[in-house]
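Structural description and commentary
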Amino acid sequence: NAGVTQTPKFQVLKTGQSMTLQCAQDMNHNSMYWYRQDPGMGLRLIYYSASEGTTDKGEVPNGYNVSRLNKREFSLRLESAAPSQTSVYFCASKLGTAATEAFFGQGTRLTVV
Amino acid sequence: QKEVEQDPGPLSVPEGAIVSLNCTYSNSAFQYFMWYRQYSRKGPELLMYTYSSGNKEDGRFTAQVDKSSKYISLFIRDSQPSDSATYLCAMLTAGGGADGLTFGKGTHLIIQP
């Protein structure tokens, strides 16, 4: 049982480049989330998808877009990367909005130079 | 003021000590209280959760919730070097929220051998 799989694990981008972070879960979960984690800032919610077919902005959505491709997959796109987007990105999923347990991927370490 | 406050540490204690980790919160609608553990370069994993007030014990770990004070704690008895990690508290209202769990920033715990 793979759980939540994120790709890639590491990435270096130049300022202005674009990229898509992929996330897939195999637990038949309805809700999926993208967070970024920076030293001293904790986990900050970028975008979320409470259920298939819906997406909403979180706390720090500027510079990002998302796509809930289907129930399994939720991708995060950086259209024009900036050094301020250097961070560790985590995808997470839950059975539903009332579920207490979130399952996290291993993270993507992104550096923008 | 953030909804959930957590001292980021680091908290360094000798092996075998009792560890106390704490969070305070402001939203009285929170009913579910979770503790996640995050090892270095990994995603967070659920350690324990408690519904409403009271204590819950799981091996060397005890979670305590005091809703009257809006204060939650995680106690670790007979701490081991393998307990060294970042511990994040998380909270959820009774009906859940579309935007997922509300996390504290995490406390970095170091158990010295």
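So, how was this worked out
- Residues numbered from 1 in each chain as written.
- Chains lettered and ligands numbered in written order.
- Predicted model: local features only at pLDDT ≥ 70, side-chain atom pairs only at ≥ 80, totals over all residues.
- Heavy atoms only, no water.
- Helix = DSSP H or I, 4+ residues; strand = E, 2+ residues; numbered from the N terminus.
- Rg over C-alpha atoms; globule rule 2.2 N^0.38 Å.
- Buried < 20%, exposed > 50% of the residue type's maximum accessible area, 1.4 Å probe, protein only.
- Contact = heavy atoms within 4.5 Å.
- Areas by Shrake-Rupley, 256 points an atom, 1.4 Å probe, with all protein chains shown as cover.
- Lys, Arg positive; Asp, Glu negative; His and termini not counted.
- Charge placed at Lys NZ, Arg CZ, Asp CG, Glu CD.
- Buried area = accessible area lost by both parts, 1.4 Å probe.
- Nonpolar A, V, L, I, M, F, W, Y, C, P; charged D, E, K, R; others polar.
- Disulfide = S-S within 2.5 Å.
- Phe/Tyr/Trp six-rings, centres within 6.5 Å; stacked < 30°, edge-to-face > 60°.
- Lys NZ or Arg CZ within 6 Å of the ring centre and 35° of its normal.
- Pairing = 2+ DSSP bridges.
- Core = buried A, V, L, I, M, F, W, Y, C linked by side-chain atoms within 4.5 Å.
- Salt bridge = Lys/Arg side-chain N within 4 Å of Asp/Glu carboxyl O.

Moving on, we get to the overall build of chain A. Check the secondary structure of chain A and you find zero helices and 11 strands. Going residue by residue from the N terminus, the α and β elements of chain A occur as β-β-β-β-β-β-β-β-β-β-β. For a compact globule of 113 residues, the expected C-alpha radius of gyration is about 13 Å, and chain A comes in at 13 Å, within 12% of that figure. Taking the principal axes of the C-alpha coordinates as reference, chain A spans close to 35 × 25 × 25 Å. Here chain A holds 113 residues, and the buried ones make up 49% of them. Taking all contacts inside chain A whose residues are at least 6 apart in sequence as the whole, residues at least 24 apart take part in 55%. Accessible surface computed for chain A: about 5100 Å², of which carbon and sulfur atoms make up 49%. Put simply, chain A has 11 plus and 8 minus side-chain charges, and the middle of one group is 5 Å from the middle of the other.

Interfaces are often sized by the accessible area lost when the parts come together. Across the boundary between the two partners, chain B contributes 22 residues, which contact 24 residues of chain A. For the pairing of chain B and chain A, the buried interface totals around 1800 Å² over both sides, and the portion due to carbon and sulfur atoms is 55%. The largest contributions to the chain B side of the interface with chain A come from B:R41, B:A98 and B:K105, which together make up 25% of the buried area. Going through the elements one at a time, β4 (30-38), β5 (45-51) and β9 (85-93) of chain B are the ones with two or more residues in the side of chain B that touches chain A. For the side of chain B that touches chain A, the element with the highest residue contribution is β4(B), accounting for four residues. Residue classes in the side of chain B that touches chain A are distributed as 11 nonpolar, six polar and five charged.

All names here are of chain B. Evaluated as defined, the whole model comprises two disulfides over all chains. Disulfide pairing is shown between C23 and C89; the S-S distance is 2.0 Å. Here the disulfide of C23 and C89 is left-handed, its torsion about the S-S bond being about -105°. Taken together, the residues span a long stretch of sequence, with C23 in strand β3 (residues 19-25) and C89 in strand β9 at a distance of 66 residues. Classification of C23 by relative accessible area gives buried; the value is 1%.

This paragraph deals with the packing of aromatic side chains. In total, this model carries 11 aromatic pairs over all chains according to the counting rule given. Geometrically, the ring pair formed by A:Y35 and A:F104 is tilted, given 5.8 Å between the ring centres and 35° between the ring planes. Highlighted residues: A:Y35 in strand β4 (residues 31-38) and A:F104 in strand β10 (residues 103-104), separated in sequence by 69 residues. Take A:Y35 and A:F104: they sit in the same class, and that class is buried. Summarising the aromatic geometry, the rings of B:Y36 and B:F103 are spaced 5.6 Å apart at their centres and angled 65° between planes, so their arrangement reads as edge-to-face. One end of the pair, B:Y36, is in strand β4; the other, B:F103, is in strand β10 (residues 102-103), and 67 residues separate them in sequence. Grouping residues by exposure puts B:Y36 and B:F103 together as buried. For the cation-ring pair, B:K56 lies above B:Y49, with the distance from its terminal atom to the ring centre recorded as 4.4 Å.

All names here are of chain B. Across the sheet, five strands lie side by side as β1-β3-β8-β7-β6; this open sheet has antiparallel pairing. For this open sheet the edge positions go to β1 (4-5) and β6 (54-58), each flanked by a neighbour on one side alone. As judged from the six bridges shared by strand β7 (residues 61-66) and strand β8 (residues 71-76), these two strands associate in the antiparallel manner. The residue bridging D66 from the neighbouring strand is Y71, located in β8.

Further remarks concern the nonpolar core. Formed by 23 residues in total, the largest nonpolar core has its most connected members in B:W35, B:I72, B:L74, B:Y87 and B:M91. Listed by contribution, the elements that provide at least two residues to this core are β3, β4, β5, β7, β8, β9 and β11 (107-112) of chain B. Among the nonpolar cores identified, the runner-up in size contains 20 residues, and A:V4, A:M32, A:I46 and A:A81 belong to it.

All names here are of chain A. Applying the stated criterion across every chain yields a total of five salt bridges over all chains. Put simply, R36 and D38 hold a salt bridge, and the shortest N to O gap is 2.9 Å. Of the two residues, R36 and D38, both sit in the buried class. The partner of R77 in a salt bridge is E79, and the shortest N-O contact between them spans 3.2 Å.

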